[in-house]
Amino acid sequence: MAQEEVSMMLGVSAQITKLEDNMEGLKAFLTDAERRRITDTSVQRWATKLKNAMYDAADILDLCQLEANKRRESRGGGSMEQQMAHGCFQPLLFCLRNPVFAHKIGSRIKELNQRLDNIYKEAHKFNFVINLGSHLEQRMSTSEKMTSEFVESAIVGEKIERETRELAQMLTINGHHDIKVVAIVGTGGMGKTTLAQKICNETTIQGHFKVKIWLSITQHFDEVELLRTAIEQAGGVHGGVQDKTLLSRMLTNTLSMGRFLLVLDDVWSNVAWSNVLSVPVRNASKNQQGNWVLITTRLEDLALRTGASFYQHHVSPLNQDDAWSLLNKQLPPTPGQVHGTDHLKVVGMKIISKCGGLPLAIKVMGGLLSTKPRSEGDWEAVFKHHAWSVAGLPKELDNAIYLSYEDLSPQLKQCFLYCSLFPKGTTFWQREVVPMWISEGFIHPPDRSSSSYDDWLEEIADGYYQELITRNLIEPESALTRYSCTMHDVVRSFAEFMSKEESLVVQDQQDDGGSKISHVRHLSIGSTKSALEWDILQKHKSVRTLIINKRINVQPSDSFGRLSTLRVLFIRGTDCDRLVDSLCQLRHLRYLHLEDTNITRLPGDIHRMKFLQHIVVDGCPLDHLPSCITQLLHLRTLSMYGFHDNVLIPKGFGQLKNLRSLSGFRVHLDKNGGTGWCSFEEIGPLSQLRKLSLHGLENVPASSLAGMAMVSSKEHLDYLQLHWSSSGFMGLRDETNKQQQQRVVEEVIEKLSPPSSIRHLHMEGYFGSRLPNWMMVPATCGFKSLRILRMDKLHYCTQLPDGLCQLPSLETLVIYDAPAIKSVGPEFHSASSLAVGGGIVTTGSVVGFPNLATLRLAGLFEWEEWEWEEQGEDAMAMPALKELIIDSCKLTCLPPGLGSSRRLAVREVRLCRLSNLTYIENFPSVVQLKVSHHSIAWR
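Calculation rules
Residues numbered from 1 in each chain as written. Predicted model: local features only at pLDDT ≥ 70, side-chain atom pairs only at ≥ 80, totals over all residues. Heavy atoms only, no water. Helix = DSSP H or I, 4+ residues; strand = E, 2+ residues; numbered from the N terminus. Contact = heavy atoms within 4.5 Å. Pairing = 2+ DSSP bridges. Phe/Tyr/Trp six-rings, centres within 6.5 Å; stacked < 30°, edge-to-face > 60°. Axes fitted to C-alpha atoms, helices over the stretch in contact; angles between N-to-C directions. Parallel < 35°, antiparallel > 145°, perpendicular 65-115°, else oblique. Left-handed = near helix turned anticlockwise from the far one by under 90°. Nonpolar A, V, L, I, M, F, W, Y, C, P; charged D, E, K, R; others polar. Disulfide = S-S within 2.5 Å. Buried < 20%, exposed > 50% of the residue type's maximum accessible area, 1.4 Å probe, protein only. Right-handed = clockwise from strand over helix to strand, strands pointing away. Core = buried A, V, L, I, M, F, W, Y, C linked by side-chain atoms within 4.5 Å. Patch = residues over 30% accessible without salt bridge, like charges linked within 9 Å, V, L, I, M, F, W, Y side chains within 5 Å. Areas by Shrake-Rupley, 256 points an atom, 1.4 Å probe, with all protein chains shown as cover. Salt bridge = Lys/Arg side-chain N within 4 Å of Asp/Glu carboxyl O. Lys, Arg positive; Asp, Glu negative; His and termini not counted. Charge placed at Lys NZ, Arg CZ, Asp CG, Glu CD. pLDDT = per-residue confidence, 0-100. Expected span 1.5 Å × (residues − 1). Arc of directions from axis to C-beta.

(A) Geometry of the overall build of the chain. Secondary structure summary: the chain contains 25 helices and 33 strands in total. Sequence separation of at least 24 residues holds for 65% of the intrachain contacts in the chain that already meet a minimum separation of 6.

Take a look at the structure:
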């Protein structure tokens, strides 16, 4: 090697080392800078300069890795994927051996180091406090203990119960009118939406209105999309129509099917009503009387501007007792503490006084306090926090939210702000946002120098997600699973304000906003009045995240070429097949999500996307995956829900040993002896899987093949879905063939026993006549972590298993559509334990279903008998049961063991289509009883 080449390599190497040192040194200032940038514009400008430099540095290091891989492969040194898989990826030596690349990248690094030197010098004048308030480890240990048990309703006090009853009564009596309006008025975070939801859930409302529509109204809405959503909610079909006049007629016809209640949530102007909804609603009201529009709004005169007869209800702040009760509902119980938080009430009431009686602010404060020790000093520190008096926040934003934000670690702050990229009125899913955070580099294990430092990225990110829920900064749609969340409008406004320097959400009638931010890093396109041109999006050349949820016009010449810095690409519901060929231009891409699009293929050279870790292609008309996908050895996520039965999954799939999540894997029955199909046994080597969804299990020909999938050996697996299709089985007329297929499916399911780590199990379509032995005693004793069990379409099972009651952590049990079950005996709920002592086996009684909180049994159409006698207080099964739902069966009464006068935990009972049930009794603690499709007496 020439002397000047060696000298250049050493010089560039030194510059890279300096770059890494500069970055680490400047990161120490960021926490304090983030705190001060709200009130100090000069700090804001400094922080923006540093973030831009850090983004550029990340791009440069990626390019070094790519060049190193290219050089390594040309010399036979193994691919980047193999190096990464073995934790020994060192790019410098290889990338610098290309003089042209070394010169080019060296110039960029030198220029970047000069920028960082200037930023570092400028930092001294701000006197930043280094590593301010970082206590991640303490919070992580707290959040890991949180479960769905602590996700409580925001509803407290007799006041809201009284208001709910009064407003529900108003909506259901005096129905001799065409249309009337009731407006719930109050400031942001006051609980308007909560009250409206509670009204809609009232049994009297459910029975009185045949059609119920709930519309969240954004400040700049798409008129066509609003009409289409209203038609869908009312039970109609719009067929993709775009014409506003035609949609308006369709909505009139749909609303005319019966008396209706239309809820318009969070309305900011009269435009949605006067320009879009008024005509179809009024026309439909002429066909029947007693219709209502329920509005939640911050505007006093909005109901008046509808031009209809109206009543206005003002939501007032919580009184002190209700506020204290709501705060306490956010705190997990403290075992062994008889008086709970009584000793903290004085300081707690001082904190509540800062919240102004706003339920949202109180919930957020309760979430923050749930992460703190139960000591007066820690609560006093929250009361005296500087965030209560910070200047610079818009007046409509809440200081309580800012205080909670300030208490987050730097990584968790990034994750929280990222959630605001999902537009108002939409949900975001844990399975989507967690890999996005990982792809953006927000998730940092404690020891990044470890060769296996990325092994636990998903676990750390899941912990962040759960902590944001615990802090009430995001709200789960289901307290049971927490898989999907929304953001309160006030919280979203705060997050958008805090991220306004680099994030942009385009929604409704807004333009692309390109002139507002010089370096957009995160761009989200929601519903828009008209389709955006792809060329407009390409103006944002620095974007790292691109989320598209609506129509984009793509021309034949369009490509991803000018969006080369993308790390995250999320496209849903738009035509983008023309862009597939240019995907490989996204050299930095980590996360690729194409859902409900028209793509028919993935790039045949997708293996060139060296950093790609997450692929989601749900609901797309692909008929195969490219064979080279098996070369992406660092792939962590692959989701392919919605593929048709004959999709080709290539051989060699078992090489993807880094997979953490595999969804929609379909077992293929290759009748023609082809050699290109992936066999079921290739699931076996995927030992790192956390989530697994298997479809087409009716195609597994023998239990020996099922055993090769090694499901029970996947020690990290916590989520498992097992799907069968029974259509072919049900079509068989030969009884011998039927029995043979049932024997095979019963043998196969025995080999698909989950590992002891499983937390959520979902089975659907199983057509065996009996459930597997691993659901029976004593095998179930090994599943100590199972929290959620759902079984759908058990068409041929005649008996429920006797081992479920011994699952110590089971919180939710759902059984849908099991028509062959006629009776349920005491073995279902009565547990027994075997104790071995002195060589003698004795049987002792233990509590059955000790932690079951939700029991849902629906579609057991022939179920007539439930044997369950009342037990002693110490042995009462299901002592933690809170929610009971029974739907569509022939029970004539509920068993004494269920309807016990000592059952004090049950809060909600829902009974539907129980034609033989005439009465229920002995549920003393029930606060919500819903009965539909028949009359039942309450005793």
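Still more ground to cover, so stick around.
(B) Up close: the sheet that holds strand S6 (residues 428-429). A sheet is described by the order of its strands in space; here three strands give the open sequence S6-S8-S7, paired in antiparallel fashion. Lying at the two open borders of the sheet, with one neighbouring strand each, are S6 and strand S7 (475-476). Relative to strand S8 (residues 484-486), S7 runs antiparallel, the two being bridged by two bridges. Pairing of Glu475 across the sheet is with Thr486, part of S8.

(C) Main features of the packing of aromatic side chains. Summed over all chains, the structure comprises 22 aromatic pairs. Residues Trp46 and Phe126 carry aromatic rings whose centres are separated by 6.4 Å and whose planes lie at 65° to one another, so their mutual orientation is edge-to-face. Note that Trp46 is positioned in helix H2 (residues 41-74) and Phe126 in the loop between helix H5 (99-123) and helix H6 (136-143), a separation of 80 residues in sequence. Look at Phe653 and Phe665: their rings are 5.6 Å apart centre to centre, the planes differ by 50°, and that puts the pair in the tilted class. You can see Phe653 sitting in the loop between strand S17 (637-639) and strand S18 (661-666) and its partner Phe665 sitting in strand S18, a full twelve residues away along the chain.

(D) View of the sheet that holds strand S1 (residues 179-185). Sheet architecture is open: five strands sit in the order S2-S3-S4-S1-S5, paired in parallel fashion. At either end of the open sheet lies a strand with only one pairing partner, and these are strand S2 (211-216) and strand S5 (309-314). Strand-to-strand twist in this sheet, taken as the mean axis angle between neighbours without regard to direction, amounts to 15°. Of the pairings in the sheet, the one linking strand S3 (residues 260-267) to strand S4 (residues 291-297) comprises five bridges and is parallel in character. Considered in S4, the bridge of Val267 is made with Thr297. Contacting S1, S2, S3 and S4, helix H12 (residues 271-285) crosses the sheet at an angle of about 165° to S3.

(E) Broad picture of the packing of H2 against H5. Between H2 and H5, whose axes approach to 10 Å, the crossing angle comes to 155°. Our classification of the angle between H2 and H5 gives roughly antiparallel. Crossing hand, H2 versus H5: left-handed. In this structure, H2 uses Trp46, Lys49, Leu50, Asn52, Ala53, Asp56, Ala57, Ile60, Leu63, Cys64 and Glu67 to contact H5, whose residues at the interface are Phe101, Ile105, Arg108, Ile109, Leu112, Arg115, Leu116, Ile119, Glu122 and Ala123. Along the lines of polarity and charge, the residues of the contact of H2 with H5 split into 14 nonpolar, one polar and six charged.

(F) Representation of the state of the cysteines. Scanning all chains against the criterion turns up zero disulfides. Left unpaired, Cys419 is separated from the closest cysteine sulfur, that of Cys415, by 7.5 Å. Judged by its relative accessible area of 0%, Cys419 is buried. Residue Cys620 stays outside any disulfide, its sulfur separated by 7.1 Å from that of Cys576, the closest cysteine.

(G) Main features of the pairing of S4. Summarising burial for S4: seven of the seven residues are buried, a large majority. Burial of S4 is two-sided: the residues Asn291, Val293, Ile295 and Thr297 facing one way and the residues Trp292, Leu294 and Thr296 facing the other way are all buried. Two strands pair when backbone bridges link them, and S1 and S4 are joined in this way by seven bridges, in the parallel orientation. Paired with Lys180 across the bridge in S4 is Trp292. One crossover worth recording links S3 to the parallel S4 by way of H12, and it is right-handed.

(H) Molecular detail of the nonpolar core. Counting residues in hydrophobic clusters, the biggest one holds 123 residues, and the most contacted among them are Leu662, Phe680 and Met763. Looking at this core element by element, the count peaks at four residues for helix H25 (residues 735-751). The residues touching Leu662, leaving out its near neighbours within four places in the chain, are Leu638, Met640, Phe653, Ile683, Leu686, Leu689, Lys691, Leu692 and Ser693. Ile160, Ile352, Ile438 and Val568 belong to the second largest nonpolar core, which has 92 residues in total.

(I) Spatial organisation of the packing of helix H18 (residues 410-418) against helix H20 (residues 457-470). The geometry of H18 relative to H20 is characterised by a closest axis approach of 10 Å and an angle of 70° between their N-to-C directions. By the angle class used here, H18 and H20 are roughly perpendicular. Residues Gln411, Leu412, Cys415 and Phe416 of H18 pack against Tyr464, Glu467 and Leu468 of H20. Across the contact of H18 with H20, the residue classes tally to five nonpolar, one polar and one charged.

(J) Inspection of a negative patch on the surface at higher detail. On the surface, Glu827, Glu864, Glu865, Glu867 and Glu869 cluster together to form a negatively charged patch. Among the secondary structure elements, Glu827 is positioned in the loop between strand S24 (823-824) and strand S25 (831-837). Overall, Glu827 belongs to the partly exposed group, its relative accessible area being 31%.

(K) Highlighting the confidence of the model for the chain. On average, the chain scores 84 in pLDDT, and the residues at 70 or more come to 86%. Counting interchain partners and residues more than four positions distant, the pLDDT-below-50 stretch residues 833-844 has 14 contacts.

(L) Inspection of the environment of Pro621 at higher detail. Looking at the element boundaries, Pro621 is found in the loop between strand S16 (614-616) and S17. When its relative accessible area of 44% is taken as the criterion, Pro621 is described as partly exposed. Measuring from C-alpha to C-alpha, the distance between Pro621 and Thr597 comes to 8.0 Å, with 24 residues separating the pair along the chain. Excluding its chain neighbours within four sequence positions, the residues that come into contact with Pro621 are Thr597, Asn598, Ile599 and Thr600.

(M) Inspection of helix H7 (residues 157-172) at higher detail. For H7, which comprises 16 residues, the first-to-last C-alpha distance of 23 Å matches the rise-based estimate of 22 Å (1.5 Å per residue) to within 8%. Taken as a whole, H7 has its buried residues at Lys159, Ile160, Glu163, Thr164, Leu167, Ala168 and Leu171. Mapping the buried residues of H7 onto a view down its axis gives an arc of 150°, with all of them on the same face.

(N) Region of the structure containing the pairing of strand S19 (residues 691-695). Summarising burial for S19: four of the five residues are buried, a large majority. In terms of strand pairing, S18 meets S19 through four bridges, oriented parallel. Bridge pairing in S19 places Phe665 opposite Leu694. With four bridges joining them, S19 and strand S20 (residues 719-723) adopt parallel strand pairing. Bridging from a neighbouring strand, Ser693 pairs with Gln721 of S20.

(O) Region of interest: the pattern of salt bridges. By the definition in use, this model includes 42 salt bridges. Asp489 is paired through a salt bridge with Lys424; the nearest N and O atoms lie 3.6 Å apart. Taken together, the residues span a long stretch of sequence, with Asp489 in helix H21 (residues 489-498) and Lys424 in the loop between H18 and S6 at a distance of 65 residues. Judged by relative accessible area, Lys424 falls into the buried class, the value being 15%. A salt bridge links Glu750 to Arg770, with the shortest nitrogen-to-oxygen separation between them at 3.5 Å.

(P) Main features of unusual backbone geometry. A cis amide bond links Val777 to the next residue, Pro778, at an omega of 5°. Locating Pro778 in the fold gives a position in the loop between strand S21 (760-764) and strand S22 (788-792). One non-glycine residue, Arg482, lies in positive phi territory at about 60°. In this structure, Arg482 sits in the loop between S7 and S8.

(Q) Representation of the environment of Ile38 within the structure. The topology assignment puts Ile38 in the loop between helix H1 (3-36) and H2. The exposure class assigned to Ile38 is buried, which follows from its relative accessible area of 13%.

(R) Looking closely at the environment of Met170. With respect to the helices, strands and loops of the structure, Met170 is situated in helix H7. Through-space distance from the C-alpha of Met170 to that of Trp292 is 9.9 Å; in sequence the pair is 122 residues apart. For Met170, the contacting residues outside a window of four places in its chain are Val182, Trp292 and Tyr311.

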